[in-house]
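Examination of the molecular architecture
Each chain, written out:
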Amino acid sequence: MSHEIETGMGKKTLTGYLLGFILSLIFTVFAFWVVTIQSLNKADMYITVSVLAIAQLIVQVIFFLRLNGSKEGKWNLFSFIFTIFVTFVLVGGSLWIMHNLNYNMMH
Amino acid sequence: MSTEVVHGGHEHDHHASSDATDVLGFWLYLMTDCVLFATLFATFAVLRHNLYGGVPLKNLIDLWYVFGETAFLLLSNLTYGLGMLALYKGHKTALQNWLILTVILGLGFVVMEVNEFVHFINEGHGPQTSAAMSGFFTLVGTHGLHVSFGIFWMITLIFQVRKFGMNRMMTRRFTYLGLFWNFLDIVWIFVFTIVYLMGVIG
């Protein structure tokens with residue numbers, strides 16, 4: 001007897017979890033390695049770890065949370081995208097404003 | 001509850017199942033939690049160079065240690081997922097074992113983090129020493145507090161599933177906790193990247 005319920009998210013599978021775990025581990029190890037050996041210049045390292053973080057976010061959202069665009073899960077996806085947007089505005093906006101204020105104070 | 005009586009079995013119409021709607025409700029809470037963390041990240045990012053004469057975070061961070069914390073949390077997400085698979089198959093013992101393992105891994109993370117905080121404070125880099133450290137402790141501490149609540153919740157559910165069995169109510173509760181637990185690992189991706197890795201890069 002299956003104890004599953006309809007969640008609006010995709011079906012959980014062993015393959016999905018293992019794949020998600022392995023990919024997350026690879027991205028994590030790579031990010032730590034790049035910084036530990038100081039392999040690139042500062043700007044490139046910033047970009048590398050950021051890209052890896054976003055890649056791991058996508059992996060975890062797809063393979064662990066099983067967020068998809070299905071009819072049942074539409075509103076989960078929409079609210080998630082909106083939240084990302086709000087995050088960008090909050091963080092980006094704060095950085096921009098404070099940077100400007102710092103500049104105006106110093107010049 | 002009355003919703004279960006009304007919606008039971010009538011999934012062929014265009015209304016979402018009651019379960020999916022409830023999951024959406026919890027998901028929306030999680031989205032607000034995401035916005036909370038966004039404000040803490042924004043504050044940390046803006047203040048991270050305001051050291052007030054203190055040492056940069058770079059000097060305090062041990063990346064191997066942070067990798068250890070990360071491994072604990074990532075692994076705990078896998079073990080929780082395996083627990084959910086056991087729940088779906090109705091394997092009660094496997095479920096309980098995976099949950100207990102998840103709790104242990106989660107506790108490993110929290111213990112490591114508390115130890116790091118105590119170490120920082122004893123070395124004279126507590127949250128009150130500078131704006132940067134306030135930002136650090138607030139962001140990382142809030143995440144750690146969420147993990148602690150998650151562990152408490154998980155222990156509660158372990159006892160509850162022993163009492164109530166693997167019924168629909170428990171499945172829903174495990175679903176919510178699963179989303180919460182996954183969410184915390186996702187936030188941690190950004191904590192270790194932005195606070196620790198970028199802290200070391202400089």
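Described below are features of the structure shown in this document. Numbers given to residues run from 1 along each chain, matching the order in which its sequence is written. Think of it this way: whatever chain is written first is A, whatever ligand is written first is 1, and the rest follow in order. The model is predicted, so local features are restricted to residues of pLDDT at least 70 and side-chain atom pairs to those at 80 or more, both for listing and for counting; the totals for chains, interfaces and linings are taken over all residues. Only hydrogens and water are set aside; all other atoms, that is, all heavy atoms of the structure, feed into the side-chain values.

To continue, consider the overall build of chain A. Runs of E in the DSSP output that reach at least two residues are strands. Runs of H or I that reach at least four are helices, and both are numbered from the N terminus. Along its length, chain A carries 3 helices and 0 strands. What you see in chain A, going N to C, is helices and strands ordered as α-α-α. Here the C-alpha atoms of chain A give a radius of gyration of 19 Å, more than 25% beyond the 13 Å that 2.2 N^0.38 yields for 107 residues. Overall, the C-alpha framework of chain A stretches about 70 × 35 × 15 Å when taken along its three principal axes. Relative to its full complement of 107 residues, chain A shows a buried share of 37%. Intrachain contacts of chain A at a sequence separation of at least 6 include 65% that bridge at least 24 residues. Method for areas: the Shrake-Rupley scheme with a 1.4 Å probe, in which residue coverage is limited to the protein chains shown. Here chain A has roughly 6500 Å² of accessible surface; of this, 75% comes from carbon and sulfur atoms. One finds the centroid of the 6 positive side-chain charges in chain A at a distance of 2 Å from the centroid of its 4 negative side-chain charges. Note that the radius of gyration is over C-alpha atoms, with the globule rule given as 2.2 Å times the number of residues to the power 0.38. Think of it in three bands: residues with accessible area under 20% of the maximum for their type are buried, residues over 50% are exposed, and the middle band is partly exposed, with areas taken using a 1.4 Å probe on protein chains only. Residue contacts are counted whenever heavy atoms from the two residues lie within 4.5 Å of one another. The charge count treats Lys and Arg as positive and Asp and Glu as negative. His and the chain ends do not count. By convention, the charge on Lys lies at NZ, on Arg at CZ, on Asp at CG and on Glu at CD.

Quick look at the overall build of chain B now. In terms of helices and strands, chain B carries 6 helices and 0 strands. Starting at the N terminus and walking to the C terminus, you meet the elements of chain B as α-α-α-α-α-α. For chain B, buried positions account for 53% of its 202 residues. When the accessible surface of chain B is totalled, it reaches about 8900 Å², and 68% of it is carbon and sulfur. Of the side chains in chain B, 9 bear a positive and 12 a negative charge, and the two mean positions are spaced by 8 Å.

The interface is formed by 50 residues belonging to chain A together with 51 residues belonging to chain B. As a working definition, buried area equals the accessible area (1.4 Å probe) given up by two parts on being put together, with both sides summed. Together, the buried faces of chain A and chain B total about 4500 Å²; carbon and sulfur atoms form 79% of this surface. Three residues stand out in chain A for area buried against chain B, namely A:H3, A:I5 and A:F32, and they jointly supply 16% of the buried area on that side. Any pair of nitrogen or oxygen atoms within 3.5 Å is treated as a polar contact; in protein, a donor-acceptor pairing is required on top of that, and neighbouring residues in sequence qualify only through side-chain atoms on both sides. On the surface where chain A and chain B come into contact, there are 6 residue pairs in polar contact (both at pLDDT 80 or more).

What follows covers the nonpolar core. Definition used in this section: a nonpolar core is a set of buried Ala, Val, Leu, Ile, Met, Phe, Trp, Tyr and Cys residues joined via side-chain atoms within 4.5 Å. Counting 86 residues, the largest nonpolar core has B:W27, B:L57, B:F136, B:F174, B:W188, B:V195 and B:Y196 as the members making the most contacts within it. Counting residues per element, the ones that place at least two in this core are α1 (14–36) and α2 (42–63) of chain A together with α2 (18–47), α3 (63–89), α4 (92–122), α5 (131–164) and α6 (168–201) of chain B. Looking at this core, the element that brings in the most residues is α6(B), giving 21 residues. Setting aside its immediate chain neighbours within four residues, B:F136 contacts B:F44, B:L57, B:E116, B:F117, B:F120, B:G141, B:V195 and B:Y196.

Attention shifts here to the packing of α3(B) against α4(B). Residues and elements named next belong to chain B. Angles run from 0 to 180 degrees between N-to-C directions of axes, and those axes are lines fitted to C-alpha atoms, restricted for helices to the stretch in contact. Direction vectors running N to C along α3 and α4 enclose 160°, while the axes themselves pass 8 Å from each other. When the axis of α3 is compared with that of α4, the two are roughly antiparallel. The interaxial crossing formed by α3 with α4 has left-handed handedness. When an angle is under 35 degrees it counts as roughly parallel; over 145 it counts as roughly antiparallel; between 65 and 115 it counts as roughly perpendicular; any other value is oblique. By definition, any crossing whose near helix is turned counterclockwise from its far helix by less than a right angle is left-handed, and any crossing with a clockwise turn is right-handed.

All right, on to unusual backbone geometry then. Residue and element names in this part refer to chain A. A positive phi angle, close to 60°, is found at R66, a residue other than glycine. Relative to the helices and strands, R66 resides in the loop between α2 and α3 (74–106). Under the relative-accessibility criterion, R66 is labelled buried at 16%.

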